[in-house]
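Working through the structure, step by step
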Amino acid sequence: MEWKEEIENLYEIITDQTPEAFRSSVKTMLREASEKTARLRNSGFVSRDDLLSALFEITPEAFQPTVVEDLKKIGIDTNRYIKLSEIRKKYSRTWDEISGAFLPGVYHFTIYLTDRCNQNCLHCAAAVMEKRPELPPETWIEIIEDLEQSLRKRGRRGCYIWFGGEPTIRKDLKDLIKYCGEKGYYQALATNGILFNEELAKLCADVKMSHVFISYDSTDPKRAAKIRGHPKAQEAAEKAINLASKYGLFIIGNVTAQKENFDELETLQKYFESKGVIPFYRPLIKQRSADLNWEEIGLTIDEYRQFYDFKYKNIIETIRKGEATSLNKFYTWDMVPFMECPINDEERTAIEWGTGCQACRSISGIDTNGDVFPCDYPSELILGNILEQSWDEIMETEMFKAIRDRKIKGKCATCHHLDMCGGGCRVHAENETGDFLAALPFCWHQNDHKHEKKITEKKVIELLE
């Protein structure tokens, strides 16, 4: 976890006011609490908000009036940070009640177990790959242990998403599911539903699997067949949803928004609501098969904007009704540019940890051969190979940190939305420009206006001095 110089200075100013007898222990507690709070935003650095809300989290109620008086002397609005500390506690509890795997700070890995698939989707990331040799379960277990133990040293945990191709094609998938279940590790399954049967649904329930992604791109069987290259794609997905529901699994309906189903987003929303399924809409990413078929299935900039309006207008309205804690992360998590401006701390807390590009912040992918992708989606950029390097080593690379800290180039570098947006989809930007850190050409935002900003951390330090 990194600390900017101005935040380190504020930390010293605050702790210097602590009685000398307690100062050493308070400094340790405050540093640990601040870093934990930063991780809940999926951030790699501690902010002023993290530091001050953590201060009230660790301070016993009887001593808070003293802290308030000390902070007032250096011009800090204590009421705001007392409330922010409570807001963050509330959201943390709510996420934990949904599923521990959805807590901010959990790192999600897409595990590409195989290139094989029993469908032939127009947008597939695996279809253009040769059917490469597959790593045995024993190797994947070694990889998972390295990932999990590296994260736990940093106060985090992993969630392992069995992916492909189609992961259920592997007969030894059950061995991996059982292993993670026995270890109490968070895990999930992404499937098209064809091979998702009663036995597998029961196993997922028995090991308390966090969630199951079921690909469902259309309620129309003919349209689904065209998108997914299988005559019974819709029937298979429907069967899988019903089975998962029977065994009480947390179901996420995975929709790839593309030209073929773009007029059906509202219909799909109503369908998922009727089934008790959480929708996860992802706009088409221009990569691999999607790139080859772009003229047929690709979205225009205007359609990306329409998709953004469809997805986020409901979210922001829900937050402003005071119902934000009921939102699952997949309502907010997406790779389109993010341009909303939270008007208070509750709104910001509800969305700041999951908006915009999450590559190297809370998601990455491990390919069939051990290559590490920054995002959960395959990219040309490879951060390393997990068979040759530890996750600790990969996380310390300059490229990993640049992506994590959103060091995006071009017009994104000066955009006032960058902090929460992250520059939109990095894989899409890479495909268009050849540079993973380039500005996203599909962004419609213009840097010709400003929004009212809160006082910056740097300005606060200047005032203190």
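Structure shown above.
Below you will find a few notes about this structure.

How each quantity is defined
Residues numbered from 1 in each chain as written. Predicted model: local features only at pLDDT ≥ 70, side-chain atom pairs only at ≥ 80, totals over all residues. Heavy atoms only, no water. Helix = DSSP H or I, 4+ residues; strand = E, 2+ residues; numbered from the N terminus. Rg over C-alpha atoms; globule rule 2.2 N^0.38 Å. Buried < 20%, exposed > 50% of the residue type's maximum accessible area, 1.4 Å probe, protein only. Arc of directions from axis to C-beta. Axes fitted to C-alpha atoms, helices over the stretch in contact; angles between N-to-C directions. Left-handed = near helix turned anticlockwise from the far one by under 90°. Contact = heavy atoms within 4.5 Å. Nonpolar A, V, L, I, M, F, W, Y, C, P; charged D, E, K, R; others polar. Pairing = 2+ DSSP bridges. Salt bridge = Lys/Arg side-chain N within 4 Å of Asp/Glu carboxyl O.

The secondary structure content of the chain amounts to 21 helices and 11 strands. Its C-alpha radius of gyration of 23 Å places the chain within 12% of the 23 Å reference for a compact globule of 465 residues. Across its three principal axes, the chain shows a C-alpha extent of roughly 70 × 50 × 40 Å. Residues classed as buried in the chain amount to 59% of the 465 residues present.

Let's shift gears to helix 7 (residues 173-183). Those residues of helix 7 not exposed but buried are Leu173, Leu176, Ile177, Tyr179 and Cys180. Taken end-on, helix 7 shows its buried residues confined to a sector of 160°, consistent with a single buried face.

Contact geometry of helix 6 (residues 137-153) with helix 7 gives a least axis separation of 10 Å together with a crossing angle of 35°. Where helix 6 crosses over helix 7, the two elements pack in a sense that is right-handed. Between helix 6 and helix 7, the residues in contact are Pro137, Trp140, Ile141, Ile144 and Glu145 and Leu176, Tyr179, Cys180 and Lys183, respectively. Here the contact of helix 6 with helix 7 is built from residues that sort into seven nonpolar, no polar and two charged.

Of the residues making up helix 1 (residues 5-15), those classed as buried are Ile7, Leu10, Tyr11, Ile14 and Thr15. Seen end-on, helix 1 carries its buried residues on one side only, within an arc spanning 125°.

Regular strands place side chains that alternate from one sheet face to the opposite one. For strand 6 (residues 211-215), the tally of buried residues reaches five of five residues, placing the bulk of the element in the interior. As paired elements, strand 5 (residues 186-191) and strand 6 share four bridges and run parallel to each other. The residue of strand 6 that forms the bridge with Thr191 is Ile214. Alignment of strand 6 against strand 7 (residues 251-257), held across four bridges, turns out to be parallel. Of the residues in strand 7, the one forming a bridge with Phe213 is Ile252.

Our focus in this paragraph is the packing of helix 1 against helix 2 (residues 20-39). Axis separation between helix 1 and helix 2 bottoms out at 10 Å; the angle between their running directions is 145°. Every pair of crossing elements has a handedness; the one defined by helix 1 and helix 2 is right-handed. On the side of helix 1, the interface is formed by Glu8, Tyr11, Glu12, Ile14 and Thr15, while helix 2 contributes Arg23, Lys27, Thr28, Leu30 and Arg31. When the residues that make up the contact of helix 1 with helix 2 are grouped by side-chain class, the tally is three nonpolar, two polar and five charged.

As for its placement among the helices and strands, Glu130 is situated in the loop between strand 3 (106-112) and helix 6. Using a relative accessible area of 68% as the deciding quantity, one classes Glu130 as exposed. On a C-alpha basis, the gap between Glu130 and Thr256 in space is 23 Å, while along the polypeptide they are 126 residues apart.

With that settled, consider the side chain of Arg404. Looking at the secondary structure, you find Arg404 in helix 18 (residues 398-404). Residue contacts for Arg404: discarding those within four places in its chain leaves Glu2, Gly44, Ala359, Cys360 and Arg361.

Here the focus is the pattern of salt bridges. Under the defined criterion, the tally for this structure stands at 36 salt bridges. The closest approach of N and O atoms between Glu2 and Arg404, which form a salt bridge, is 3.1 Å. Separated by 402 residues along the polypeptide, Glu2 in strand 1 (residues 2-3) and Arg404 in helix 18 bring together distant segments of the chain. We classify Arg404 as buried; its relative accessible area is 12%.

Attention now moves to the environment of Ile363. Within the secondary structure, Ile363 sits in strand 9 (residues 363-366). Linking Ile363 and Thr256, residues 107 residues apart in sequence, is a C-alpha distance of 18 Å.

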